[in-house]
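Letter by letter, the chains look like this.
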Amino acid sequence: QVQLVESGGGLVQAGGSLRLSCAASGRTFSSYAMGWFRQAPGKEREFVAAITSAGSKYYSDSVKGRFTISRDNTKNTVYLQMDSLKPEDTAVYYCAAKWAPPGTVVVRTTSYDYWGQGTQVTVSS
């Protein structure tokens, strides 16, 4: 069982930055593929970024070049650095975890086994 707790959301002006954190419980964090997703009001949850247990990174086209995903296995934490934020980035952001072999990237919502409670990000224009 893995428990995930997100933090770092808030209100920021367009063009600003935020860093989200997701702290995971358990001793095998390094074996998990991790992902960030977001859900805006009235919309489906969508993929934002993923990082494999080996450290390879993947991004949606909408955030590529602006967001950076990273992980610190010594702290059981995955991060999402969000720069050049836009109003359309406003959403609840969720982190997710799935045990997977080192080279496996997981981008589908339905593939993840564990989810955090979400953190609100609001970008004002």
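Our subject is the structure listed above.
Here the structure is a predicted model, which is why all the values come from computation and not from measurement.

Turning our eyes to something else, we now look at the overall build of the protein chain. Looking only at helices and strands, one finds 0 helices and 11 strands in the protein chain. In sequence order, the secondary structure elements of the protein chain are arranged as β-β-β-β-β-β-β-β-β-β-β. What you see for the protein chain is a C-alpha radius of gyration of 13 Å, in line with the 14 Å of a compact globule of 125 residues. By principal-axis analysis of the C-alpha atoms, the protein chain measures approximately 40 × 25 × 25 Å. By the burial criterion, 43% of the 125 residues in the protein chain qualify as buried. Partitioning the contacts of the protein chain with sequence separation of at least 6, the portion at a separation of at least 24 is 60%. If you sum the accessible surface of the protein chain, you get close to 6,300 Å²; carbon and sulfur atoms cover 48% of it. In the protein chain, 13 side chains carry a positive charge and 9 a negative one; their mean positions are 5 Å apart.

This part is about a nonpolar patch on the surface. A contiguous nonpolar surface patch, about 210 Å² in accessible area, is contributed by Tyr 58, Val 105 and Val 107. Tracing the backbone shows Tyr 58 in strand 6 (residues 57-59). A relative accessible area of 35% means that Tyr 58 is categorised as partly exposed.

Right, let's get into the environment of Thr 109. In this structure, Thr 109 sits in the loop between strand 9 (91-99) and strand 10 (114-115). C-alpha separation for the pair Thr 109 and Ser 124, spaced 15 residues apart in sequence, amounts to 27 Å. Ignoring sequence-local partners within four residues, the contact set of Thr 109 consists of Phe 37, Arg 45 and Trp 115.

Right, let's get into the sheet that holds strand 7 (residues 67-72). Pairing within the open sheet is antiparallel, and its 4 strands lie in the order 1-3-8-7. Strands at the two margins of the open sheet, each flanked by one partner only, are strand 1 (4-7) and strand 7. This sheet shows a mean twist of 15° between the axes of neighbouring strands, independent of strand direction. As paired strands, strand 1 and strand 3 (residues 18-24) are joined by 4 bridges and run antiparallel to one another. From the neighbouring strand, Glu 6 faces strand 3, where its bridge partner is Cys 22.

Right, let's talk about the nonpolar core for a bit. With 28 residues, the main nonpolar core has Leu 4, Met 34, Trp 36, Leu 80, Met 82 and Tyr 93 as its most contacted residues. Elements that contribute at least two residues to this core include exactly strand 3, strand 4 (32-39), strand 5 (46-51), strand 7, strand 8 (77-82), strand 9 and strand 11 (119-124). What Met 82 contacts, discounting residues up to four positions off in sequence, is Gly 16, Ser 17, Leu 18, Leu 20, Arg 66, Phe 67, Tyr 93 and Val 121. Residues Ala 33, Phe 37, Phe 47 and Tyr 112 belong to the second largest nonpolar core, which totals 8 residues.

Pairing between side chains becomes possible if they bear opposite charge and their charged atoms approach one another. Under the criterion given, the structure shown has 5 salt bridges. Across the pair Arg 66 and Asp 89 runs a salt bridge whose closest N-O atoms are separated by 2.8 Å. Residue Arg 66 is found in the loop between strand 6 and strand 7, and its partner Asp 89 is found in the loop between strand 8 and strand 9; the two are separated by 23 residues along the sequence. Its relative accessible area of 0% is what places Asp 89 among the buried residues.

Parameters and conventions
Residues numbered from 1 in each chain as written. Predicted model: local features only at pLDDT ≥ 70, side-chain atom pairs only at ≥ 80, totals over all residues. Heavy atoms only, no water. Helix = DSSP H or I, 4+ residues; strand = E, 2+ residues; numbered from the N terminus. Rg over C-alpha atoms; globule rule 2.2 N^0.38 Å. Buried < 20%, exposed > 50% of the residue type's maximum accessible area, 1.4 Å probe, protein only. Contact = heavy atoms within 4.5 Å. Areas by Shrake-Rupley, 256 points an atom, 1.4 Å probe, with all protein chains shown as cover. Lys, Arg positive; Asp, Glu negative; His and termini not counted. Charge placed at Lys NZ, Arg CZ, Asp CG, Glu CD. Patch = residues over 30% accessible without salt bridge, like charges linked within 9 Å, V, L, I, M, F, W, Y side chains within 5 Å. Salt bridge = Lys/Arg side-chain N within 4 Å of Asp/Glu carboxyl O. Pairing = 2+ DSSP bridges. Axes fitted to C-alpha atoms, helices over the stretch in contact; angles between N-to-C directions. Core = buried A, V, L, I, M, F, W, Y, C linked by side-chain atoms within 4.5 Å.

Bear in mind that shape data such as this cannot, by itself, settle questions of function.
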